Structures are given as C-alpha cells and as structure tokens.
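Observations on chain architecture
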Amino acid sequence: MSSPLLSNLNAEQLAAVTLPHGSALILAGAGSGKTRVLTTRIAWLLATGQANPSSVLAVTFTNKAAREMLARLSALTPVNTRGMWIGTFHGLCNRLLRTHYRDAGLPQLFQIMDMQDQLALIKRVYKASNIDADRFPPRQLQALINDSKEEGSRPNQVEANDEFTRRQVEHFALYEEACRREGVVDFPELLLRSFELLSGHESLREHYRRRFSHLLVDEFQDTNALQYRWLRLLADPHTAVFAVGDDDQSIYAFRGANIANMQHFERDFATPEAPVKLIKLEQNYRSHGHILDAANALIRHNQSRLGKDLWTADAQGEPVRAFVAPSDTHEAAFIVDVVKSLIDEGVSPAEMAVLYRSNAQSRVLEHALFNAAIAYRVYGGMRFFERAEVKHALAYLRLLAAPDDDGAFLRVVNFPPRGVGARTLEALQDQARATGTSLWQSACATRFGGKAGGSLAGFLAQIEAMRAATAGLPLGETVEHVVQSSGLAAHYTAEKGGQERIENLQELVNAAESFVREADLQVAGEAEGETGDALSAFLAHAALEAGETQAAEGRPALQLMTVHAAKGLEFHTVFLSGLEEGLFPHENSLSEHDGVEEERRLAYVAITRAKRRLYLTHAQSRMLHGQVRYNVASRFLDELPRALIQWLSPQRADVPPAREPASGAARYDALRDRPGWRIGQSVKHAKFGLGIIIDAEGRGTDARVQVNFRNAGVKWLALEYAKLQPA
DNA sequence: AAATGTGGAATTTTT
DNA sequence: TTCCACATTT
C-alpha cells in the first residue's frame, strides 16, 4: 500500500504500523520516531477500516504526551478524535469512574486529591484518632498507601510482619474510611477503583473488552504493577495490544515503574493464534553519530536489557566534549563560556539545555548565568494548580460542587480570616466525629453560640450565597464570582506582594474559560459532557493536570532541568553536569537494587537528548549541604570509549581546589611538607583503586590521608605505607 | 494572625 | 547551606 500516510516510514516503522491484528511490543529507541509510529498506527487502523474511533484506547503517562498524540493524530486523519479514548491512565480511569460512579461505589461528584491534599488528609486522620505523628510520620503512611494501591492492595491485603507496619495498616484503613466519608479519591485510587470496577462487574468488563479492540500504550517501560494488571483486565484474547517502550529509558523504578512488564508482555499477551510480535526501532533521527556511539557504549554496561543499538544515517558530527573543573563554580563558568560562544555562533539559547542529576545543582549554575546576563529557565518547582492562592480558590469551588469535602472546608473556612478560630473548629470537628458526618453538615446542623458561632454561620451563608449566585453561570464567570465574593481578591490586594497572587487568580479565571472553550479538544476523561457538569470537570482537570511550572519566557532562554525532566525532549546542545561519583550515579543508588543500572539509564537518557553537541562536565570539588565535598569522576565517564571523547581540560587536572574548606587550614598544613600531595587530588591505590584525597592529618612520616575511593568507600591511609600513586 | 525561631533533612516525580 | 515544616512568640 502506498498511501501518503505510510510514506517516509523506514522498514521497521512500516512493519510496526501495519502489523496484522495481534499484540506487539515495539522496542523504540530514543529518537526513533516512537510517537510517529504510535499515531500512524492508529491512523492506519482507522483508514483501513480495521478499527473505528470508538474501538481505540490509547494511554500515556503525561497529559503532554496525550495532547501531542491527539494533535498529531488530528493532523494525520480527518476522523474526529472526540470519541476516542486517548489520555493518561488517570484521565481515562477518571472518565470510567465518572461514567459508572454508582457501580464503582463513589459519589457522583467525587473529588480528586493531589499529593498535598492527600498528606493533609492523613494529618487530619491522625489528629482525629490521636495518632502520634512523631512516631508515625505522615509522609511514611502516604508512601505506604500509594505503594500498596499501586500494587493493587487494600489495607486488608497489605502484608504486615511487624508491629509498626500493622499499626500503619490500621492507619491506612482509617484513611480509607475518611476518603469514603468525604467523597474524595487520591491518584492511585483512580486506577485501583477502576480496576476493581472492571474486575467486579463482568458485564461492564465485557462491554469495554468488546468495545476496545485496540489498546495502545505509550512509554510502556514506565507502567507499574497495577497499570499492567489494568491492561490485562481490559484485554481479552481478541484485543490487539500495541505497547511501545524502551527498557533503556526506564528511569522511574523509584515510583513503581516495573521493567519486568516488558519481559512478561510476550508471555502474558500472546494468544494461541498469535504470538506477540517484537519489533525494534533502532534508527535514530535525532543525534549525530558520535553522540549515539557514546550512548550505545554506555548502556552496553547494563546487564539486564533487551538489547538494542542506535544508529543514524546522518553524519558522525562533532566529538563529544568533556571537561574537568576544579570546583562547581568553575564548572558553571565553563558552561557559561561555551553557551556564550555558541550563542555567538548563532545557536539559540532555547536550543541548549544544562542537565543535572539533582535540583540542588541548579543554584550555582543560575548564579553564574545571572551574572553573565544569560536568559535561562529552570524547570521544576511549584506548578500552577499547586499554588496556595489557586488552591484556595479551588477549595471554594469544591465546596460548591461537593460540600462534604472536609479538606476544602478546612482550607478556606477561615481564609481569608473571618474570625473562625481553632476553638470553634475543634468543637466542630468533635461534633462531626461524634455524628459521623462532614464538617459542612455538622456546621449546618448546629447552632454555635457567641461571636465565633456567628462567624461560622457567616461562612456557611457566604458559600450558600455563592452557590445561588453562580447557579447557571458559565464556568469562567463562576470562577470570577468566587474569586471576588470569597474575599480572596480583596485579601491579596491588601497584602503586600500579593500582586502575583492576584495575577494567578486572574489566570485561574482564564484557565476556566479556555477549559470550556477547548472542551472539544480536551484529553479524554476531562471533558465536560460525560459528567454533565463543567465545574466538576474543571476541578478534575485541575487535579489531574497540575499545569506548567513557570510561564514561558518572552525571549529565548537556556533550559535548566534535571535529567528526569529532560526525558522526551531534545536540544541542539546538551551540557550534562556533575558527572561525579556520589552525585551521578547518586550515592543512594549504590545501595538500591539495580540502582546503578538505573542511574546508567538516566545518563543514557541525558546523552540521547543531544542532537549536535554534547558536553560532559565534572567538578572535583562541590559545595553540598554546606560542606565542600571532593568527588572522583563518575564511572560513566570511564565507560565511554576514550577515542570518542575530546577532553577540553587535562583529564586529571592537577588544579588546586578553588575554594578552601572552612576548617581546611589544618588539613592543608598536614600535607605542607609532603609536596605532591594535596586535598582534592586524585589518587590510585593498588587494592582500593581510584579515589580522591578528602582530608589529611599528621606530619612527616606520620601523615595520614583520608581517601574517598570510588568503589571501596572512604578510608584513612598512612602516606608512608599505602602505596598511593597520583592519578 | 503575623512574625520569628528551631530542628531536621537535603535524589529523581507524574498523575 | 538552604529550605521546609512546625512551634512559639508578639
């Protein structure tokens, strides 16, 4: 078939797109046209009449990926994408639960809690049950709850082999009861509840199994145990499951992603008639050859992988550059210099990214960039819908939609301050606990005396007035009205520095308006219509899509982000900074199961972001937690073929540390009469291997040095006896 | 109810 | 060091 749909696909892509009915695992390397294959596959299924829009379900992890898929699909096919189930796991589950809320055992207007809301609820549960938060850290329970649910377990299914865990599981059960009472669900609950909905209702399950003849899964390597079971439940032997993923880019094990799902896929989704097809996409359309060579060489050091080598028909390109800096500030200065000269060469700063392993590393870089007057943008941090003022406004809206939401009630009952104090709330909470009702219902049912009681009554009246005033209003006007009548606008106007918050509240009104306007284009599960209630849909949207971290800069800006945040992106030039043992691979990963392999995949992701130029940098000393740390070069640098790397500095630069450690005088003193030895120096030991001197004491023949060995840890050695070699 | 102080922790993060 | 949560103060 020579339809324009299929033109310009390479042989493997074409094979994947046109696979006959049956399940398939597409091993799609970085930059191999994964999204193109996924969207073209859907378009091809529709064009050839093998599927109609309503029989396709495509699932992604992020809203961004879902939007991109929708956009590209609309460009490929004239079919209206509105009827299609394309969205995130959470978005699709939300859609399912809104449609079948009765069978799912949920109130019609159940609210979705984000992680903040969830933590707040846990703390409230603790307070109500007199649980000591010092002995049982709320965050720990939160982790247990989410991990358990993502494994598919309810409290009665969690294995508890010690007293502490048994108590935690009791707390988990209390939390579940609170969720039920308040009509709220957390993120993993969306998945677990819809899993239970389908597994517990055969007719529903059969309905959806018959309906979705094609399941397509993006970033399959990121699926967790429950998502995998969810897919298996939705698939019957006639369902074609098209899973696209890359085991080498699995970097989310810490949040439950399970690469083993890729290994099990062939076994679990094969049918007697059709074994699972496996197709590898290895041709890369992003990077020049040297960059791919480096990526391939690095990832080959991993044991557990399905195996794959990227190649390009494009040029070998520039060599990969590496640089050793004496300190983190020198490293930043180097990056600034290169960025400047590349800008002079005409590369847009927006096409360059500085990547790092952990957010803390951005500070030094930002400082250097700021002083050099280079525009930059840092990814990460507070998202739009997570801002306090936005959450306050949303809490008022939630009370309009679902007054039993105690979390929303408590957030705004006295914000802006209206004289409802702690005493009143204590009494109200006791009352609610005693009667087993929500705070809202309790407050309505009770007459509280005195001034405080009057304030509370005022609040109730205010909410009722809002509800009456906004009934029938378009969503945007509802939000506008709530922002004004809640007193939030006035409160922030009066507050010094509240201007930004006012702007964010205005932005919330805009967001509501565009949400309604673009309802047609909304990702499945968020659109109005199925729930029949725009406000409720908007609240779900706010919870499921936290929004951008930061408004885009006006002028093109250098991109700063963690390697995790860079996944899926590409840049003309990439600086991968902080390539040091302890940082990257991170020291914590050394003790984790398969931790270093995951770190290596992370480095692989970083390298494969670069299209044309790649700089790998390492600082010999770095300020961390208020202390100077000396680190040896990352093992990942050594795992790259030397011939591929162009060193821009003497590889083992014998440069004195740029910054004296605070209490360093004595330590330098210790080595004063031992020329050739100094703190921060790279050394080699016959047995312990490579390391770096981080401390010293004693004089002359008594001199001892403390060495941080790459593989053997930190040791004190006598200079006189340990046969240390400068390295 | 805001302002100030203290102690502890400090990979990675989407929904 | 720096940030945060939480407690105490004013």
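Residues numbered from 1 in each chain as written. Chains lettered and ligands numbered in written order. Predicted model: local features only at pLDDT ≥ 70, side-chain atom pairs only at ≥ 80, totals over all residues. Heavy atoms only, no water.

All right, on to the overall build of chain A then. Along the backbone of chain A there are 29 helices and 21 strands. Over its C-alpha atoms chain A spans a radius of gyration of 29 Å, differing by no more than 12% from the 27 Å that the globule rule assigns to 727 residues. With the principal axes as the frame, chain A shows a C-alpha extent of 85 × 75 × 55 Å. Look at the contacts in chain A between residues 6 or more apart in sequence, and 75% of them connect residues 24 or more apart. Split by element, the accessible area of chain A, about 31,000 Å² in all, is 51% carbon and sulfur. Side chains of chain A carry 80 positive and 87 negative charges; the gap between the two charge centres is 2 Å. (Helix = DSSP H or I, 4+ residues; strand = E, 2+ residues; numbered from the N terminus. Rg over C-alpha atoms; globule rule 2.2 N^0.38 Å. Contact = heavy atoms within 4.5 Å. Areas by Shrake-Rupley, 256 points an atom, 1.4 Å probe, with all protein chains shown as cover. Lys, Arg positive; Asp, Glu negative; His and termini not counted. Charge placed at Lys NZ, Arg CZ, Asp CG, Glu CD.)

Judged by how many residues are buried, helix 13 (residues 289-299) sits mostly within the fold: nine of 11 residues are covered. The complete set of buried residues in helix 13 reads Gly-289, Ile-291, Leu-292, Ala-294, Ala-295, Asn-296, Ala-297, Leu-298 and Ile-299. As for helix 13, its buried residues are in contact with strand 9 (320-327), helix 27 (595-607), strand 14 (610-624) and helix 28 (635-638). (Buried < 20%, exposed > 50% of the residue type's maximum accessible area, 1.4 Å probe, protein only.)

Moving on, we get to the packing of helix 6 (residues 115-128) against helix 7 (residues 138-150). For the pair helix 6 and helix 7, the least separation of the axes is 10 Å and the interaxial angle reads 115 degrees. Note on packing geometry: the crossing formed by helix 6 with helix 7 is right-handed. When helix 6 is examined against helix 7, the residues Met-115, Gln-118, Leu-119, Ile-122, Lys-123 and Tyr-126 are found in contact with a partner set consisting of Pro-138, Arg-139, Leu-141, Gln-142, Ile-145 and Asn-146. Of the residues belonging to the contact of helix 6 with helix 7, the class tally is seven nonpolar, three polar and two charged. (Axes fitted to C-alpha atoms, helices over the stretch in contact; angles between N-to-C directions. Left-handed = near helix turned anticlockwise from the far one by under 90°. Nonpolar A, V, L, I, M, F, W, Y, C, P; charged D, E, K, R; others polar.)

Here we come to the protein's contact with DNA strand B. Lining the immediate surroundings of DNA strand B are 24 residues, of which Asn-63, Arg-357, Asn-359, Thr-562 and Glu-592 lie closest. In DNA strand B, the atoms that sit within 4 Å of the protein are 51% sugar and phosphate, with bases accounting for the remainder. Within the side chain of Arg-383, a nitrogen or oxygen atom sits 3.4 Å from a phosphate oxygen of DNA strand B. Between a phosphate oxygen of DNA strand B and a side-chain N or O atom of Thr-562, the distance comes to 2.8 Å. (Near = heavy atom within 4 Å. Polar contact = N/O pair within 3.5 Å; in protein donor to acceptor, adjacent residues only side chain to side chain.)

What follows concerns the pairing of strand 15 (residues 627-630). Regular strands place their side chains on alternate faces of the sheet. Pairing analysis gives four bridges linking strand 14 to strand 15, with the strands arranged antiparallel. The residue bridging Met-623 from the neighbouring strand is Val-628, located in strand 15. Joining the antiparallel neighbours strand 14 and strand 15 is a turn of two residues, in which His-625 adopts a positive phi near 50 degrees. (Pairing = 2+ DSSP bridges.)

The tally for this structure, following the rule as stated, stands at five cavities of 30 Å³ or more. Of the volumes computed, that of the second largest cavity is approximately 50 Å³. Lining the second largest cavity are Leu-298, Leu-576, Leu-579, Ala-603, Ile-607, Leu-616, Phe-636, Leu-637 and Leu-640. Within the residue set of the lining of the second largest cavity, elements represented by two or more residues are helix 27 and helix 28. When the residues that make up the lining of the second largest cavity are grouped by side-chain class, the tally is nine nonpolar, no polar and no charged. (1 Å grid on protein atoms, 1.4 Å probe; cavity = no way out; pocket = protein on both sides within 12 Å on 5 of 7 lines; lining within 4 Å. Points joined across faces, edges and corners; volume = space filled by probe spheres on them.)

Turning our attention to the confidence of the model for chain A. Residue-level pLDDT values for chain A average 89, and 91% of them are 70 or greater. Looking over chain A, one finds the lowest element-wise mean pLDDT in helix 29 (residues 664-670), namely 49, and the highest in strand 13 (residues 571-576), namely 98. Low confidence marks residues 527-531, where pLDDT is under 50. Its contacts with residues over four positions away, or in another chain, come to 12 contacts. With pLDDT under 50 throughout, residues 653-668 is counted as low confidence; its partners more than four residues away or in other chains account for 29 contacts. (pLDDT = per-residue confidence, 0-100.)

The next thing to look at is the pairing of strand 1 (residues 24-28). Among the five residues of strand 1, five are classified as buried, and the element is accordingly described as predominantly covered. On strand 1, burial covers both faces: Ala-24, Ile-26 and Ala-28 on one face and Leu-25 and Leu-27 on the other are all buried. Here strand 1 runs beside strand 8 (residues 277-281); their pairing, made up of five bridges, is parallel. Opposite Ile-26, over in strand 8, you have Ile-279 as the bridge partner. Examined bridge by bridge, strand 1 and strand 7 (residues 240-245) share four bridges and lie parallel to one another. For Ala-24, the partnering residue across the bridge sits in strand 7 and is Phe-242.

Moving on to the environment of Thr-493. Mapped onto the elements, Thr-493 comes out in helix 22 (residues 488-494). As for Thr-493 and Gln-646, which are separated by 153 residues in sequence, their C-alpha atoms are 56 Å apart.

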